[in-house]
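# Per-entry structural report
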Amino acid sequence: MAEQLRIGVIGAGRIGKIHAENIARFIPQARLEGIADIKLSAEQEAWAKALGARIISKDPGDMLKDPEIQGVIICSSTDTHADLTIAAAQAGKHIFCEKPVDLTPAKVQGALEAVKKAGVKLQIGFNRRFDHNFARIREHTLAGGIGQVHLVKITSRDPAPPPPAYVAVSGGIFLDMMIHDFDMARFQAGSEITEVYAAGAVLVDPEIGKAGDVDTALVTLKFANGAIGVIDNSRKAVYGYDQRVEVFGSKGAAVAENDLPNTVKLYSEAGVTGEKPLYFFLERYKQAFIDEMISFIAAVRDNKPAAVTGEDGLEDMYAALAAGKSLKEKRPVAISEVRN
């Protein structure tokens, strides 16, 4: 067996815990060497020790200067991602960074330049590409089963809205939520988005509107290859986490429905009933989080391109910014209008 890739995790919040536990328990190709969080609590420290972390610190720099650590996973707050990416690159560490790298293209570009100069790998955490259903749609397209792609349809609806305070600092629905769907749209179309036309409303929580955002949105897309697309988002679907994708083309269509806890349906005099979708992303994308990390590790060990590059993250950001501009100005917006 090849030597394990030695990894440190920066950020011990919800996503950081997922990645750290996956590496420690389910990914033999890597070894969890360290965990750092500027607000590390006694409980988190005990958790890190239980996972076998050698370095447990409130200072991410302790991992960046450690010669044994080969790669870092950046799961800290969004406003720290770009600076940590630059610091990690300058320290010669390979980088897996949760989305987004930053909320401004200029700062993302600066981070990408540092990565390129250092010659290290950078993968962005758009885990949905690794979902078993969505990956299978792409496989059908690449195999020619769908033919020329004509339409990409994506539905993404959360089971409950985030707090308005979070909305106010998240970048809004397009940069925080729909950015995953812009990435999925590009992935499934096999082409770059060239134009975005957005509509939005506040239909779930008036406080989200007061925070300057919408909670319900629909966006149409144009792609460089001639295909068109549509994405709909809602911050609250009462029936659970709604994640569906369809790709339609000249030879047919591939459709991914929601994952369910089980496929049993009860037939009775009252009607036919079944399960709601898996509740939220932690349940829905459990395996995808593992598979994206395996992909990152393979890119480093085998010296292959990352499956989701920093440039992918930048293109997704441009689409999100164009959507925000479109909503504000009530018109279609070309991606070229928001490029720096």
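This one's a predicted model, so the numbers in the text were calculated from it and none came from an experiment.

### A short note on the pairing of strand 4 (residues 71-74)
Covered by surrounding structure in strand 4 are Gly71 and Ile73 together with Val72 and Ile74, the residues of both alternating faces. For strand 1 (residues 5-10) and strand 4, the ladder comprises four bridges, and the chain directions are parallel. Among the inter-strand pairings, isoleucine 7 is bridged to a residue of strand 4, identified as glycine 71. The sheet contact formed by strand 4 and strand 5 (residues 94-97) spans four bridges and is parallel. Bridge pairing in strand 5 links isoleucine 74 to cysteine 97. Once you follow strand 4 into helix 4 (residues 78-90) and on to strand 5, the crossover reads as right-handed.

### Notes on the pattern of salt bridges
Counted under the stated rule, the structure contains 30 salt bridges. Arginine 186 is the salt-bridge partner of aspartate 183, the closest N and O atoms lying 3.5 Å from each other. With aspartate 183 and arginine 186 both in helix 9 (residues 179-189), this residue pair falls three residues apart, about one helical turn. Each member of the pair, aspartate 183 as well as arginine 186, carries the same accessibility label: buried. Among the ionic pairs, glutamate 329 bridges to lysine 325, the shortest N-O distance being 2.9 Å.

### Quick word on the packing of aromatic side chains
Summed over the entire model, instances satisfying the criterion amount to seven aromatic pairs. Taking the centre distance of 5.1 Å and the plane angle of 90° together, the rings of tyrosine 241 and phenylalanine 280 count as edge-to-face. Highlighted residues: tyrosine 241 in the loop between strand 10 (228-234) and strand 11 (242-249) and phenylalanine 280 in the loop between strand 14 (271-273) and helix 11 (281-284), separated in sequence by 39 residues. Between phenylalanine 280 and phenylalanine 281, the aromatic rings sit 5.0 Å apart at their centres with planes inclined by 75°, giving edge-to-face as the arrangement. Above the plane of the ring of tryptophan 47 lies lysine 17, whose end atom (NZ or CZ) is 5.7 Å from the centre. Sitting over the face of the ring of phenylalanine 134, arginine 284 holds its NZ or CZ atom 5.3 Å from the ring centroid.

### Looking at the environment of serine 250
For serine 250, the position within the fold is in the loop between strand 11 and strand 12 (253-256). Put simply, serine 250 and isoleucine 173 are 77 residues apart on the chain and 32 Å apart in space, counted from C-alpha to C-alpha. Contact partners of serine 250, with chain neighbours within four places excluded, come to Ile146, Gly147, Gln148 and His150. Engagement of the side chain of serine 250 in a polar contact is seen with the backbone nitrogen of glutamine 148, the distance being 2.8 Å.

### Topic: a nonpolar patch on the surface
Residues Leu151, Ile228 and Phe248 make up a contiguous nonpolar surface patch of roughly 230 Å² in combined accessible area. Along the chain, leucine 151 turns up in strand 7 (residues 149-157). What makes leucine 151 partly exposed here is its relative accessible area of 34%.

### Section: the sheet that holds strand 3 (residues 55-57)
Spatially, the six strands line up as an open sheet ordered 3-2-1-4-5-6, and their pairing is parallel. The open sheet has two free edges, formed respectively by strand 3 and strand 6 (122-124), since each of these has just one partner strand. Between one strand and the next, the sheet's axes are offset by a mean angle of 20°, whatever the strand orientation. Helix 1 (residues 14-26) contacts strand 1, strand 2 (30-36), strand 4 and strand 5 of the sheet and is inclined by roughly 150° relative to strand 2.

Scoring rules and cut-offs
Residues numbered from 1 in each chain as written. Predicted model: local features only at pLDDT ≥ 70, side-chain atom pairs only at ≥ 80, totals over all residues. Heavy atoms only, no water. Buried < 20%, exposed > 50% of the residue type's maximum accessible area, 1.4 Å probe, protein only. Helix = DSSP H or I, 4+ residues; strand = E, 2+ residues; numbered from the N terminus. Pairing = 2+ DSSP bridges. Right-handed = clockwise from strand over helix to strand, strands pointing away. Salt bridge = Lys/Arg side-chain N within 4 Å of Asp/Glu carboxyl O. Phe/Tyr/Trp six-rings, centres within 6.5 Å; stacked < 30°, edge-to-face > 60°. Lys NZ or Arg CZ within 6 Å of the ring centre and 35° of its normal. Contact = heavy atoms within 4.5 Å. Polar contact = N/O pair within 3.5 Å; in protein donor to acceptor, adjacent residues only side chain to side chain. Patch = residues over 30% accessible without salt bridge, like charges linked within 9 Å, V, L, I, M, F, W, Y side chains within 5 Å. Areas by Shrake-Rupley, 256 points an atom, 1.4 Å probe, with all protein chains shown as cover. Axes fitted to C-alpha atoms, helices over the stretch in contact; angles between N-to-C directions.

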